[in-house]
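Letter by letter, the chains look like this.
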Amino acid sequence: VYYFNEGGTIIQSEQDFAIQVPLETLRRCPNLIGVCSANTSVKAVRGALRSGLLTHLVARSELVRELLE
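Residues numbered from 1 in each chain as written. Predicted model: local features only at pLDDT ≥ 70, side-chain atom pairs only at ≥ 80, totals over all residues. Heavy atoms only, no water.

Enquirer: What exactly am I supposed to notice about a nonpolar patch on the surface here?
Expert: A contiguous nonpolar surface patch, about 300 Å² in accessible area, is contributed by V1, Y3 and I11. Tracing the backbone through its elements, the reader meets I11 in strand β2 (residues 10-11). (Patch = residues over 30% accessible without salt bridge, like charges linked within 9 Å, V, L, I, M, F, W, Y side chains within 5 Å. Areas by Shrake-Rupley, 256 points an atom, 1.4 Å probe, with all protein chains shown as cover. Salt bridge = Lys/Arg side-chain N within 4 Å of Asp/Glu carboxyl O. Helix = DSSP H or I, 4+ residues; strand = E, 2+ residues; numbered from the N terminus.)

Written as structure tokens, this is what we have:
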């Protein structure tokens, strides 16, 4: 789990206790799939896409339509 701001910058906190694969390892992967929960916002997905890490995205169709507008 990584969190991004809308500009695609990864946000890290001392309070973040999520298990994370190191970014250096992720960047070497040929395919990275982002999976959006049902309540994911356009702003959040836009930031994740701007990070440049994802190669594929799974999201509800309404969310994708909003991103493309």
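After that view, the rundown keeps rolling.
Enquirer: It is not clear to me how the pattern of salt bridges should be interpreted in this structure. Could you clarify?
Expert: Two side chains bearing opposite charge may form a pair once their charged atoms approach each other closely. In total, this model carries one salt bridge according to the counting rule given. Between R46 and E6 there is a salt bridge; the shortest N-O distance is 3.3 Å. Taken together, the residues span a long stretch of sequence, with R46 in helix α2 (residues 42-50) and E6 in the loop between β1 (3-4) and β2 at a distance of 40 residues. Using a relative accessible area of 24% as the deciding quantity, one classes R46 as partly exposed. (Buried < 20%, exposed > 50% of the residue type's maximum accessible area, 1.4 Å probe, protein only.)

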